[in-house]
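Observations on the model geometry
The primary structure of each chain is shown beneath.
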Amino acid sequence: MANNKIITDESLDFFEKYLNNAAPTGYEWEGQKLWMNYLKPYVDTFITDTYGTAVGVINPDAKYKVVIEGHSDEISWYVNYITDNGLIYVIRNGGSDHQIATSKWVDIHTKNGIVKGVFGWPAIHTRKGEKEELAPKLDNICIDIGAKDKAEVEKMGVHVGCVITYPDTFHVLNGDKFVCRAIDNRAGGFMIAEVARLLHENKVELPFGLYITNSVQEEIGLRGAEMITQTIKPNVAIITDVCHDTTTPMIEKKTQGHTEIGLGPVISYAPAVQNKLRERIIETAEAKEIPFQRMAASRSTGTDTDAFAYSNGGVASALISLPLRYMHTTVEMVHKDDVENVIKLIYETLLNIKEGETFSYFD
């Protein structure tokens, strides 16, 4: 790679705007527009689908197709029930954590714009159950928007089905840690966009079509990837998502393995990961002296890798993960060096893929 600075001031400015924009599962399109606008100078054309997945394409006429992919949605809540006295109970949209909700501000998305609210919680002196202090659960956390009754809630434009996000915004911690909600997985969308930028700036002529894919609805079962892979029909897919930093308290390494921020991209071993493609990625990392870590999955990776791998009669797929602390909270944390090294590893791997490769075990 030429000595381009990987994360520039301009790209960091985009990353911040992109993270701060709410794009909950099923409502990703405003974020997709930001992403497409940033990517536009670096691709030939775009594909979008009816549910909002966006794909920037380089060399759209090429027969051999390579996907690099992240997902654009973030976990959130839905308004589920409004009480007579104007309090709002919720259900999950994706893997939202009820234990972090209490005392958080929220944005309720309505046709008339954002309505602010808070997840209220009783004072510590009053929180006694029959046996022990009450803990947050899905059926006892509720949102207060300052309304006196149900009629006032509805007058404010809030109704069952409104989606709810956290307003927490991007920060840089101690110079080299990026902290925000929704780094899972807007970091993926950011990193694949940076790969496209670097290919453009370095005037790389790829021998295949490259499909820079920002899928929707990963958080509820890999659904966007499932849809778009049928449209693209790729030959190869390299997926990027986040994985757990397992060095923080209360995580059991015997079950979760050892991966940590700052030590580089994480390369997965799993049935859905095509072994020859994974080895190509590892060989690339070793040749280019990009630090990396390894992780083993069991039946599935739990990422869009699975959706691509098992589509279209089988697509050679692999996963490069970004280690992250505090997943599915509002303070998700990644290391800047890891972000840059994931970008670098995807970029360099693309340069090592030849048109027409099958990655077949029988060739």
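Anything mentioned here points back to the structure above.
Below, the structure is looked at part by part. Keep in mind that this is a model prediction, so the values were computed, not measured.

**Considerations on the pattern of salt bridges**
Within the structure shown, the criterion is met by 15 salt bridges. In this structure, the salt-bridge partner of Glu201 is Arg197, at a minimum N-O distance of 3.0 Å. Here Glu201 pairs with Arg197, and both are found in helix α4 (residues 183–201), just four residues apart, close to one helical turn. The class of Glu201 is partly exposed, set by a relative accessible area of 36%.

**Re the environment of Leu222**
Considering the arrangement of structural elements, one finds Leu222 in the loop between β12 (209–215) and α5 (223–232). Relative accessible area serves as the criterion here: at 15%, Leu222 is assigned to the buried category. Residues Leu222 and Leu277, spaced 55 residues apart in sequence, show a C-alpha to C-alpha distance of 21 Å. Each residue touching Leu222, except ones within four places of it in the same chain, is listed here: Gln217, Gly302, Thr303, Asp304, Asp306 and Ala307.

**Considerations on the packing of aromatic side chains**
Counted according to the given criterion, the structure contains twelve aromatic pairs. Judged by centre distance (5.8 Å) and plane angle (75 degrees), the ring pair of Phe15 and Phe178 falls under edge-to-face. Remark: Phe178 occurs in strand β11 (residues 177–180) and Phe15 occurs in helix α1 (residues 9–20); sequence separation between them is 163 residues. Relative accessible area serves as the criterion here: at 2%, Phe178 is assigned to the buried category. Centroid distance Tyr81 to Tyr89: 6.3 Å. Interplanar angle 35 degrees. Geometry classified as tilted. The ring centre of Tyr166 lies 5.9 Å from the NZ or CZ of Lys104, which sits over that ring. When the ring centre of Tyr18 is taken as reference, the NZ or CZ atom of Arg186 above it lies at 5.7 Å.

**Things to note about the sheet that holds β11**
Pairing is antiparallel in the open sheet, where three strands are placed in the order β10-β11-β17. Two strands close off the open sheet at either side, each with one partner strand: β10 (171–173) and β17 (332–335). Here the average twist between neighbouring strands, direction ignored, is 30 degrees. Here four bridges tie β11 to β17, and the two strands are oriented antiparallel to one another. The residue of β17 that forms the bridge with Lys177 is His335. Seen against the sheet, helix α9 (residues 336–350) touches β11 and β17 and runs at an angle of roughly 65 degrees to β17.

**Comments concerning the nonpolar core**
In terms of nonpolar packing, the biggest core is built from 59 residues, with Leu210 and Ile212 touching the most fellow members. Broken down by element, the residue count for this core peaks at ten residues, all from α4. Apart from residues no more than four positions distant in its own chain, Ile212 is found in contact with Trp35, Leu39, Val43, Ala54, Val55, Gly56, Ile58, Ile68, Ile192, Ala193 and Ala196. Listed in part, the 19 residues of the second largest apolar core include Ile108, Phe119, Val153 and Ile164.

About the thresholds
Residues numbered from 1 in each chain as written. Predicted model: local features only at pLDDT ≥ 70, side-chain atom pairs only at ≥ 80, totals over all residues. Heavy atoms only, no water. Salt bridge = Lys/Arg side-chain N within 4 Å of Asp/Glu carboxyl O. Helix = DSSP H or I, 4+ residues; strand = E, 2+ residues; numbered from the N terminus. Buried < 20%, exposed > 50% of the residue type's maximum accessible area, 1.4 Å probe, protein only. Contact = heavy atoms within 4.5 Å. Phe/Tyr/Trp six-rings, centres within 6.5 Å; stacked < 30°, edge-to-face > 60°. Lys NZ or Arg CZ within 6 Å of the ring centre and 35° of its normal. Pairing = 2+ DSSP bridges. Axes fitted to C-alpha atoms, helices over the stretch in contact; angles between N-to-C directions. Core = buried A, V, L, I, M, F, W, Y, C linked by side-chain atoms within 4.5 Å.

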